[in-house]
Structures are given as C-alpha cells and as structure tokens.
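# Descriptive structure summary
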Amino acid sequence: GKIKINKNKAAEIYSKSFWEVKMVKSGIRLAEMYLDGEITSSDNKNKNIEEAIKIYLKILNKPEGYVIEEDDLILVNYNLGKIYRKGIGGNTNLETSYKYFKYSGDRGHIDSKLNMANLLRIKYRESKEEKYNNEAEKLYLDIVKTGNTSAMVFLGAIYFEKATANRNDKINFL
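Structure report, in brief.

## Considerations on the overall build of the chain
Tallying secondary structure elements over the chain gives eight helices and zero strands in all. When the helices and strands of the chain are listed from N to C terminus, the series reads α-α-α-α-α-α-α-α. Overall size of the chain, expressed as C-alpha extent along the three principal axes, is 60 × 40 × 30 Å. Split into buried and exposed, the 174 residues of the chain put 39% on the buried side.

## Here we look at the pattern of salt bridges
Overall, the coordinates contain 16 salt bridges when judged by the stated rule. A salt bridge links Glu38 to Lys7; the nearest nitrogen and oxygen atoms lie 3.1 Å apart. Taken together, the residues Glu38 in the loop between helix H2 (24-35) and helix H3 (45-60) and Lys7 in helix H1 (residues 7-19) connect sequence positions 31 residues apart. Taking relative accessible area as the criterion, Glu38 reaches 23% and is therefore assigned partly exposed. One salt bridge in this structure joins Glu69 and Lys25, with 3.6 Å as the shortest N-O distance. One end of the pair, Glu69, is in the loop between H3 and helix H4 (70-86); the other, Lys25, is in helix H2, and 44 residues separate them in sequence. Overall, the relative accessible area of 43% leaves Glu69 in the partly exposed class.

## What to know about H1
Spanning 13 residues, H1 covers 18 Å between terminal C-alpha atoms, matching the ideal 18 Å at 1.5 Å per step. Ala11, Ser17 and Phe18 are the residues of H1 that are buried. End-on view of H1: buried residues confined to an arc of 130 degrees, all on one side of the axis. Along H1, exposed side chains directed more than 90 degrees from the buried face belong to Asn8 and Ile13. The N-cap of H1, judged by a side-chain oxygen 3.2 Å from the amide nitrogen of Asn8 a few residues on, is Asn6.

## As for the layout of surface pockets
One number sums up the size of the second largest pocket: a volume of about 160 Å³. Forming the walls of the second largest pocket are Glu32, Leu35, Asp36, Lys45, Ile49, Tyr56, Asn79, Lys82, Ile83, Lys86 and Ile88. Tallying contributions element by element places H4 first for the lining of the second largest pocket, with four residues.

## Regarding the environment of Asp111
Tracing the backbone shows Asp111 in helix H6 (residues 110-127). With 47 residues separating them along the chain, Asp111 and Ile158 place their C-alpha atoms 19 Å apart.

## Focus on unusual backbone geometry
Phi at Lys62 takes a positive value of approximately 50 degrees, unusual for a residue other than glycine. For Lys62, the position within the fold is in the loop between H3 and H4. A positive phi angle is found at Lys128, which is not glycine, with a value near 65 degrees. Here Lys128 is to be found in the loop between H6 and helix H7 (130-144).

Parameters and conventions
Residues numbered from 1 in each chain as written. Predicted model: local features only at pLDDT ≥ 70, side-chain atom pairs only at ≥ 80, totals over all residues. Heavy atoms only, no water. Helix = DSSP H or I, 4+ residues; strand = E, 2+ residues; numbered from the N terminus. Buried < 20%, exposed > 50% of the residue type's maximum accessible area, 1.4 Å probe, protein only. Salt bridge = Lys/Arg side-chain N within 4 Å of Asp/Glu carboxyl O. Expected span 1.5 Å × (residues − 1). Arc of directions from axis to C-beta. Polar contact = N/O pair within 3.5 Å; in protein donor to acceptor, adjacent residues only side chain to side chain. 1 Å grid on protein atoms, 1.4 Å probe; cavity = no way out; pocket = protein on both sides within 12 Å on 5 of 7 lines; lining within 4 Å. Points joined across faces, edges and corners; volume = space filled by probe spheres on them.

From the geometry alone we can't say anything about function, so treat these as descriptive.
Rendered as structure tokens:
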C-alpha cells in the first residue's frame, strides 16, 4: 500500500523530539523543513526562517542535555552560512556567512570551503586586495584535489585573470 505523508505530523514529532527529548538531529530536520517551506509556523515566510535560525542557534549554544555530534555542528554552521550568503529571509551578511562556512570548511566540509573561496573572491573584487584572491586560490587548489569541478572552473578563472592582468580586454569571473 501507499504511505500517506503528513509533514505537519512529522514536524510535530520532530519538534517534540528536539525541544523535549533533546534530539539534535530532529531539530536540524525541523529547521530544514521550515527553510524548505515544507511546514510553516506562520503565513509570514520570514517568521519560518527565524524559527529555523532559532533552532540552529540553540544547537550551536550546545545546551545541557542535548547530544550534539561534530557532524551536527558542521551541518548547522553550513546551513547558517547558506542563509546569510543567499539572504534568505532578508538575512544577507557575507561576513557572518563566511564565519559559519569557515567553521565547517575548517573541518573538511567541501561545499563550505567552496563558499568561503567564492566569498573571498567577492571581497577581493570589492577591495582589490590581492590577499583575498590568494586565499581563495589556496582554497580552490585544496578543493580541486577532491575532484570538485566547480572549484576547477573558479581556479581557471583566477589563472585566466592573472594571465590577462596586463591586457586591455580584462574579463572578471566569480
């Protein structure tokens, strides 16, 4: 037979499991459901995002009684980095985004490292300080070792920009 999916019931169980039983993975799933629009705490989309952020920040505060694994912290930091990078709910803050990505990236999370490098490239273009471009290049080189094709493309863009630095037909890529 078919199983009927009831996301509101699932959210109710995740909520109880997180807030009362103190199961962190349930909180992470609940926050994802708010962010993905699978459930709502109100008709106001920003309130749903605020609810997800509230859950994530609770986890990062490592409250007593919650069993929190390093992988949980890596995922929560990555998800918060995405929220602040993409401006979900009007929360655009690239510095804050970088901070969250750095936590996860420093622990080997490849997508976080890629986002860190991309944010450094933005900072380089805004400031024209070569140190940001050099840091991004180092990150891309590290990521390329995993076979990540996006990092390969971005690294190629850096090399192209360096090769054409003294030409009049400069092209900038992310």
